[in-house]
Each structure stands twice: as C-alpha cells, then as structure tokens.
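What follows is the residue order along each chain.
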Amino acid sequence: MSEKRLAFLAEWYQVEAAIIRTFLVTYYIVDQAVEVFDQRSKKTFLRRTKIPELSQRDFFVGSKINVFGRQFDIVDYADESTRNTLARYRKKGFVLLKNNMWTKHLGKFLKTLIENKININDGLMVQFTPKLVTKFLSGKQQNDVTASVLMNELLSGPAISLELIGDNVVDIMVACAKYKSENASTSIRLSPSMEQLFDIEEVRHGFYCPAREEDVAMDLKFFFEERRSIIKDCIFKNTTLAIIKPHSIKDGHLGSIVDEILSNGFKITAMRMILMARINCEEFYEVYRGILPEYIPMVAQLASGVCMCLEVFAEDPEKVSHTDFRNFCGPMDPEIAKLLRPHTLRAKFGKSKVLNAVHCTDLRDDTNLELQYMFKILD
C-alpha cells in the first residue's frame with residue numbers, strides 16, 4: 001500500500017574517519033516522521049521517528065538538516081516519485097541586494113518574499129573589492145554601461161547575497177526586476193504584496209538577479225562556496241550579536257524581525273546564515289549549562305535548523321549597542337515580556353523561554369567573543 005513520502009540521498013561527513021557516508025533519508029508526510037538508512041552498512045540508522053523541529057519544507061535538494069545532532073546534506077532525490085513531486089517547482093534562486101536598497105528595505109524585502117512562499121535558504125553580507133566585482137561580472141551577459149553601473153553600485157558599500165527556494169522562483173524574481181520597465185512582458189503575474197514592494201523604484205532597481213538556472217548555480221557557487229573570500233567582516237566596536245533562531249525563520253518571522261531591528265535605531269554591520277552542528281550549539285551555550293534548566297532544549301532548538309547571525313550597531317552615538325539591543329530584545333521569558341515590555345522582540349515573536357525568537361549577548365564583555373565565534377570560528 002502506497003504512502004505519501006519523500007525520499008532523498010543525503011551525505012554525512014564523518015570527522016573521525018575523514019570520509020563522506022551516504023544515507024537514504026525518508027520523510028513521511030502523514031505523521032511528519034523521519035527514517036534514516038545507512039547505505040554502506042545496509043542498516044537502519046534511525047527508525048521512523050517524529051522530529052518536531054523538522055517539517056516538509058525542510059526537505060529539498062540542497063538543504064541541510066540536523067537529525068539528533070548529525071548534520072545531513074541532502075544531495076539528490078532517491079526515487080522518481082519524489083523527483084516528480086518536487087523538482088518541477090521547488091527551484092533555487094539568487095538575488096544580490098545593493099547597499100543603497102537593503103539598508104532601508106531589507107526587512108520588507110524578506111517579508112514579502114516569505115509571504116509569497118519563497119524561502120530564504122542562505123544569506124551572507126558581502127564586501128566587494130574591484131577584483132571580486134570583476135570576477136563576479138565575468139561571463140555575464142551585460143553591456144559595458146550596465147556592467148560599469150553595477151560595478152560602482154557594488155563597490156559603494158556592503159551588499160547582501162541570498163539563496164532562495166521557491167516555486168518558479170527564478171522567473172518570479174526576473175518579473176520583479178522588470179516590473180514597470182519597458183520590456184516588462186512576462187508570463188508571471190505578481191501578487192499584490194509584490195507589486196506594492198516593487199512599485200518602489202529604489203527597491204526595483206536595488207537588486208540583481210540571474211535570469212537562467214545555470215547562472216543561478218554559478219552565482220550561488222561564487223557567494224556561498226567561496227564565502228570566506230567575500231564575507232563582510234564584523235567591526236567589533238560598540239556592536240553586539242543577535243541570532244534569529246531557527247523556529248522564528250521556520251515560522252516566517254525573519255523579515256518582520258529584521259524590519260523591527262532596522263526601524264528601531266539599529267544598524268546591521270555583518271550578517272550570515274548558518275546551520276550549526278549540535279556540538280557547536282553546546283559549546284556556544286556552555287555558559288548556561290547547569291544554570292538554566294532550559295539548557296538542553298535551547299541547544300536542540302539552535303541546532304534544529306538554519307539561524308541568522310547579525311552584528312548589530314546602535315546608530316545613536318549616545319547609545320551602548322549591547323545594552324540597548326538587549327533591552328530591545330526584552331526578558332528571556334516572552335510571557336513576562338508581554339506583560340512588562342510588550343514592544344520588545346520577544347514579546348512580539350516569542351512563544352516560550354526556549355522559543356523566544358532571538359538570542360542576544362547577555363554580558364557586555366562577551367560581545368566580541370560571541371561575534372568571533374559565529375563569524376570567525378564557525379566556517
């Protein structure tokens with residue numbers, strides 16, 4: 001008897017042996033359970049088990065999932081049924097947000113994409129040099145004038161690269177870029193929320209996106225496989241760390257939280273998205289071990305999916321970034337935050353002490369240590 005399921009081939013890097021092992025990962029839609037089979041030993045690694053932190057939208061080629069502390073990279077479909085179900089529509093896309101646009105509209109941009117079922121799978125703030133811009137533009141089909149303008153725009157300040165996952169995502173982003181232009185003929189009809197966003201000229205002209213899937217693959221490789229050469233460094237001066245937790249991203253709140261941060265007097269000076277291994281989550285939260293009873297579920301939550309790490313800076317020179325941002329996040333318990341400080345991030349987006357939307361550095365002396373860990377040590 002057939003059952004609705006999705007089957008994938010996944011890889012796990014075994015550090016001790018320095019080898020990559022292949023697994024069959026099956027997701028059962030009816031009970032939202034996961035089963036993992038070791039292809040080499042021909043043994044079941046994990047019997048059919050429900051993992052609350054994982055949902056159907058976490059499973060696609062190119063995604064990374066954590067199963068009880070082990071990180072699997074999904075590299076291919078395991079059967080034609082899954083391929084036919086997903087490959088037709090769940091595509092990868094890429095956008096590069098220019099400095100003059102994202103500093104004002106990043107939150108709104110992310111929020112609109114998410115509302116239109118386009119997920120943010122990876123993100124990185126990048127800093128171009130003339131050499132890197134030339135390398136990025138090489139091979140692209142643009143005239144000299146367009147290339148020169150884009151080069152100047154990318155050298156004007158940090159940009160943000162985003163890997164997108166969604167139905168027809170490449171065509172949708174091209175239609176957004178062409179919205180209201182003379183050659184705007186496209187078979188894609190934008191939603192009202194997208195029309196409202198891209199009606200803003202600064203947004204419409206404030207991003208680059210490739211028009212072909214092969215160009216998407218090339219751009220994703222340039223930014224996310226060689227990220228160390230282009231990532232924007234932290235400034236480490238009167239800044240603090242913010243982490244938008246996996247549950248917030250899965251619940252669709254990424255854009256709203258970023259919008260709240262930028263519209264309340266804070267500036268983002270570095271950004272990266274990352275899927276942390278459980279051992280790294282334990283190490284990061286080590287200071288809470290034996291102090292907070294929520295330590296173990298906090299680790300499990302941080303390891304459950306992709307999170308967004310931000311270096312945050314208070315634009316007001318009279319403010320202390322660490323203190324003011326911690327106050328802006330609110331009490332650790334969202335229920336207390338809703339009663340005492342309803343304007344804070346945890347009051348608005350938190351659910352519990354563990355699912356409290358964001359992490360912020362508690363002690364001022366730890367700000368640079370935590371930033372170093374997320375942006376330098378974890379790579």
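The structure presented is a predicted model; accordingly, all values stated were derived computationally and were not measured.

**Q** I'd like a rundown of the overall build of the chain, residues and numbers included.
**A** Broken down by element type, the chain carries 16 helices and 14 strands. By the compact-globule yardstick of 21 Å for 379 residues, the chain fits well, its C-alpha radius of gyration being 21 Å. Principal axes of the C-alpha set define a box for the chain whose edges measure 60 × 55 × 40 Å. Every one of the 379 residues in the chain was classed for burial, and the buried ones make up 50%. Of the accessible surface of the chain, which amounts to about 18,300 Å², a share of 51% is contributed by carbon and sulfur atoms. Computed over 51 positive and 50 negative side-chain charges, the inter-centroid distance for the chain is 2 Å.

**Q** Break down helix α12 (residues 295-302) for me, with residues and values.
**A** Of all the residues in α12, the buried ones are Tyr-295, Met-298, Val-299, Gln-301 and Leu-302. All buried residues of α12 project into a common sector of 160° when viewed along the axis, lining one side. Tucked into the core, α12 has its buried residues touching β11 (239-244), α9 (246-250), α11 (278-284) and β13 (307-314).

**Q** So what about the packing of aromatic side chains? Which residues, and what values?
**A** Each aromatic ring pair is summarised here by two numbers: the centre-to-centre distance and the angle between the ring planes. Scanning the model with the defined rule gives 23 aromatic pairs in all. On the basis of an interplanar angle of 70° and a centroid distance of 6.3 Å, the ring pair of Phe-45 and Phe-72 is categorised as edge-to-face. In this pair, Phe-45 is assigned in strand β4 (residues 43-50) and Phe-72 in strand β6 (residues 70-77), connecting sequence segments 27 residues apart. Given the relative accessible area of 0%, Phe-72 is considered buried. Measuring from ring centre to ring centre gives 6.0 Å for Phe-284 and Tyr-373, while their planes differ by 35°; the resulting arrangement is tilted. Here the residue Phe-284 occupies a position in helix α11, and Tyr-373 occupies one in helix α16 (residues 367-377), the gap between them amounting to 89 residues. Comparing Phe-284 with Tyr-373, the two get one shared label, buried. Counting every residue linked through ring pairs, the aromatic cluster contains Phe-94, Phe-128, Phe-136, Tyr-208, Phe-222 and Phe-223. Here the guanidinium or amino end of Arg-48 rests over the ring plane of Tyr-28, the centre of that ring lying 3.8 Å away.

**Q** How would you sum up the pairing of strand β5 (residues 64-67)? Please name residues and give values.
**A** With four bridges connecting them, β5 and β6 associate as antiparallel partners. Across the sheet, Val-67 pairs through a bridge with Arg-70, a residue of β6. Counting the residues between successive antiparallel strands, the hairpin from β5 to β6 contains two residues, one of them, Phe-68, with a positive phi of roughly 50°.

**Q** Would you mind going over the sheet that holds β5 in detail, with residue names and values included?
**A** The sheet built from six strands is open, its strands ordered β4-β3-β2-β1-β6-β5 with antiparallel pairing. Each of the sheet's edge strands pairs with one partner strand only, and the pair in question is β4 and β5. Each adjacent strand pair in this sheet contributes to an overall mean axis angle of 30°, direction not counted.

**Q** Give me the lowdown on the side chain of Ser-321, citing residues and values where you can.
**A** Along the polypeptide, Ser-321 turns up in helix α13 (residues 321-329). Here the side chain of Ser-321 touches Ala-314 through a polar contact of 2.8 Å, landing on its backbone nitrogen. Each residue touching Ser-321, except ones within four places of it in the same chain, is listed here: Asn-238, Thr-239, Thr-240, Phe-266, Val-312, Phe-313 and Ala-314.

**Q** I'd like to hear about the pattern of salt bridges, residue by residue, with values.
**A** Side chains bearing opposite charge may pair, as long as their charged atoms lie close to each other. Taken as a whole, this structure holds 22 salt bridges when the rule is applied. We note a salt bridge from Lys-376 to Asp-233, for which the minimum N-O separation is 3.4 Å. One end of the pair, Lys-376, is in helix α16; the other, Asp-233, is in the loop between α8 (213-225) and β11, and 143 residues separate them in sequence. Since its relative accessible area comes to 37%, Lys-376 is described here as partly exposed.

**Q** Quick one: what's the story with the packing of helix α3 (residues 130-137) against α8, residue by residue and with numbers?
**A** Relative orientation of the contacting elements α3 and α8 amounts to 155°, with a least axis distance of 11 Å. As summarised for this structure, α3 and α8 are arranged roughly antiparallel, according to the angle between their axes. Across the interface between the two elements, Leu-132, Lys-135 and Phe-136 of α3 pack against Asp-219, Phe-222 and Phe-223 of α8. Grouping the amino acids of the contact of α3 with α8 by side-chain chemistry returns four nonpolar, no polar and two charged.

Rules of the game
- Residues numbered from 1 in each chain as written.
- Predicted model: local features only at pLDDT ≥ 70, side-chain atom pairs only at ≥ 80, totals over all residues.
- Heavy atoms only, no water.
- Helix = DSSP H or I, 4+ residues; strand = E, 2+ residues; numbered from the N terminus.
- Rg over C-alpha atoms; globule rule 2.2 N^0.38 Å.
- Buried < 20%, exposed > 50% of the residue type's maximum accessible area, 1.4 Å probe, protein only.
- Areas by Shrake-Rupley, 256 points an atom, 1.4 Å probe, with all protein chains shown as cover.
- Lys, Arg positive; Asp, Glu negative; His and termini not counted.
- Charge placed at Lys NZ, Arg CZ, Asp CG, Glu CD.
- Arc of directions from axis to C-beta.
- Contact = heavy atoms within 4.5 Å.
- Phe/Tyr/Trp six-rings, centres within 6.5 Å; stacked < 30°, edge-to-face > 60°.
- Lys NZ or Arg CZ within 6 Å of the ring centre and 35° of its normal.
- Pairing = 2+ DSSP bridges.
- Axes fitted to C-alpha atoms, helices over the stretch in contact; angles between N-to-C directions.
- Polar contact = N/O pair within 3.5 Å; in protein donor to acceptor, adjacent residues only side chain to side chain.
- Salt bridge = Lys/Arg side-chain N within 4 Å of Asp/Glu carboxyl O.
- Parallel < 35°, antiparallel > 145°, perpendicular 65-115°, else oblique.
- Nonpolar A, V, L, I, M, F, W, Y, C, P; charged D, E, K, R; others polar.

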